[in-house]
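Notes for the structure review
What follows is the residue order along each chain.
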Amino acid sequence: MEPRDVLVEGRIERKKKETRQKIIKAAMDLIQRQRFDNTTMEQIAEEADVARKTLYNHFPVKEAIVDEYVRSLSREFTQEAFDKLQNLPDTRSRLLETLDKVYEQVEINPEIIGISMGYRLKNMFQGEGYSSGGTQSLIAEIIRLGQQAGEIRQDIQAKLLVKQLDILRGAVVVDWLNDPSRLELRKEMALLVDLFLNGATGKDAKK
């Protein structure tokens, strides 16, 4: 590829990214003002000042826009959290710290977190596979460190452990979103971590 072609390709990709970010901002501004159910793709296109065809080229449905916004929050959080992992003493404290920050976002943005989760689950059930994100990469690193330190068994693939923990934390979030008054998110988080690390028997759970 010629140098000029590389520059052109770079400008095109940069323009796509700028358009995508403009769409996300417009959509989230609308949702904040008038809620998700009252926001249409046509309104988003108008707010972002893009053609409807352009909007649909980037996002097939408004749920996909919300999901991309949630992923951007996750990426920001992940970068900060990665730097702190090594300073925490063990697997339990790393999981508690990480999940505490994740659930903090759930409490701040319950509507959009619920929409994002629903969209990912729908895609998974339609055969699009398991969708990993920033939080999953953090959990994978925590498990890697735990296996390295002998705190987590090494005969099970880290990928499987990440998926199982992700299912557990997802179930807690769904329960809380359905009825926030029914459970305490932080208490459930601690129980989840103990269940994951110590199993249902709880023989090694901390008193």
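Residues numbered from 1 in each chain as written. Predicted model: local features only at pLDDT ≥ 70, side-chain atom pairs only at ≥ 80, totals over all residues. Heavy atoms only, no water.

With an unreviewed UniProt entry as reference, the protein is termed TetR/AcrR family transcriptional regulator, source organism Desulfosporosinus nitroreducens.

**Brief notes about the overall build of the protein**
Summing up its helical and strand segments, the protein has nine helices and zero strands in all. Beginning at the N terminus, the succession of helices and strands in the protein can be written as α-α-α-α-α-α-α-α-α. When contacts within the protein are restricted to residue pairs at least 6 apart in sequence, those whose partners lie at least 24 apart make up 69%. In the structure as shown, the protein presents an accessible area of about 12900 Å², 50% of it carried by carbon and sulfur atoms. (Helix = DSSP H or I, 4+ residues; strand = E, 2+ residues; numbered from the N terminus. Contact = heavy atoms within 4.5 Å. Areas by Shrake-Rupley, 256 points an atom, 1.4 Å probe, with all protein chains shown as cover.)

**Concerning the side chain of R169**
Tracing the chain through its elements places R169 in helix α8 (residues 158-178). Residues within four places of R169 in sequence aside, it is in contact with L99, V102, Y103, T135, Q136, I139 and L192.

**With respect to the nonpolar core**
In this structure, I23, I44, L55, I65, V66 and Y103 are the most contacted members of the largest nonpolar core, which totals 50 residues. Listing elements by their share of this core, those giving two or more residues are α1 (3-34), α2 (41-48), α4 (62-85), α5 (91-108), α6 (110-128), α7 (134-148), α8 and α9 (185-198). Residues within four places of Y103 in sequence aside, it is in contact with R169, V172, V173, L185, R186, M189 and L192. (Core = buried A, V, L, I, M, F, W, Y, C linked by side-chain atoms within 4.5 Å. Buried < 20%, exposed > 50% of the residue type's maximum accessible area, 1.4 Å probe, protein only.)

**As for unusual backbone geometry**
We note that R35 has phi near 75°; this positive angle belongs to a residue other than glycine. On the secondary structure map, R35 appears in the loop between α1 and α2. A residue is classified by how much of its surface remains accessible, and R35, at 53% relative accessible area, is exposed.

**Things to note about the pattern of salt bridges**
Summed over all chains, the structure comprises 16 salt bridges. D67 is the partner of R120 in a salt bridge, and the nearest nitrogen-oxygen pair spans 2.6 Å. Here the residue R120 occupies a position in helix α6, and D67 occupies one in helix α4, the gap between them amounting to 53 residues. Judged by relative accessible area, D67 falls into the buried class, the value being 6%. With a shortest N-O distance of 2.9 Å, E107 and R186 are connected by a salt bridge. Of this pair, E107 sits in helix α5 while R186 sits in helix α9; the two residues are 79 residues apart in sequence, bridging distant segments of the chain. (Salt bridge = Lys/Arg side-chain N within 4 Å of Asp/Glu carboxyl O.)

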